[in-house]
Amino acid sequence: MSDCIFCKIAAGEIPCRKVHEDDELLAFHDIRPVAPVHFMIIPKVHVASLADCDEAHRDILGRILLLAPRLAAELGLGNGFRTVINTGPGGGQEVFHLHVHVFGGGGPRPL
Ligand code: 5GP
Ligand code: ZN
């Protein structure tokens, strides 16, 4: 997806504050954090949203969720964190490349 900002970040064409990178995933700090620690985990492969995932994405979705607590703990969120996946315009999604927000450090707050 040549016009996708997260594909460009995954390709190194747009800089980011990287948290983690492996063969399939990239994690980087959100440019507009809503908490003292706020990063997101994305698959390097383009998939627009959670609603666009199917069986072929099962492994990558599992890897993203397993990575979240590991990176959160590394960034000081060992006491807990929130994960958010905005899906579609009705879900407040702004960037249409699947991403899982991970944030915390600002104390508890209601949904
Ligand atoms: P969404 O509303 O789609 O779930 O969240 C998109 C998120 O991407 C927003 O929190 C926004 O701050 C973040 N974002 C948008 N553009 C960039 C960018 O170029 N770099 C980084 N690091 N974050 C971005
Ligand atoms: Zn993309």
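Note: the structure precedes this text.
Residues numbered from 1 in each chain as written. Chains lettered and ligands numbered in written order. Predicted model: local features only at pLDDT ≥ 70, side-chain atom pairs only at ≥ 80, totals over all residues. Heavy atoms only, no water.

A. Structural context of the coordination of the zinc ion (ligand 2). On the protein side, the zinc ion (ligand 2) has Cys4 (SG), Cys7 (SG), His46 (ND1) and His97 (ND1) as donor atoms, found 2.1 to 2.3 Å from it. In this structure, the zinc ion (ligand 2) is coordinated by four donor atoms arranged in tetrahedral fashion, with angles at the metal of 105 to 117 degrees. Along the chain, the residues donating to the zinc ion (ligand 2) fall in the pattern C-x2-C-x38-H-x50-H. Of this pair, Cys4 sits in the segment before helix H1 (5-10) while His97 sits in the loop between strand S4 (82-84) and strand S5 (100-104); the two residues are 93 residues apart in sequence, bridging distant segments of the chain. The pair Cys4 / His97 is uniform in exposure class, with both members buried. (Donors = N, O, S within 2.8 Å, 3.2 Å for Na, K, Ca; no water. Tetrahedral: all angles 85-135°; square planar, octahedral: opposite > 155°, others 65-115°. Helix = DSSP H or I, 4+ residues; strand = E, 2+ residues; numbered from the N terminus. Buried < 20%, exposed > 50% of the residue type's maximum accessible area, 1.4 Å probe, protein only.)

B. Main features of the pattern of salt bridges. One pass over the full model with this rule turns up eight salt bridges. Put simply, Glu21 and Lys44 hold a salt bridge, and the shortest N to O gap is 2.8 Å. Taken together, the positions of Glu21 in strand S1 (residues 18-21) and Lys44 in the loop between strand S3 (37-43) and helix H2 (58-74) put the pair 23 residues apart, joining distant regions of the chain. We classify Glu21 as partly exposed; its relative accessible area is 37%. (Salt bridge = Lys/Arg side-chain N within 4 Å of Asp/Glu carboxyl O.)

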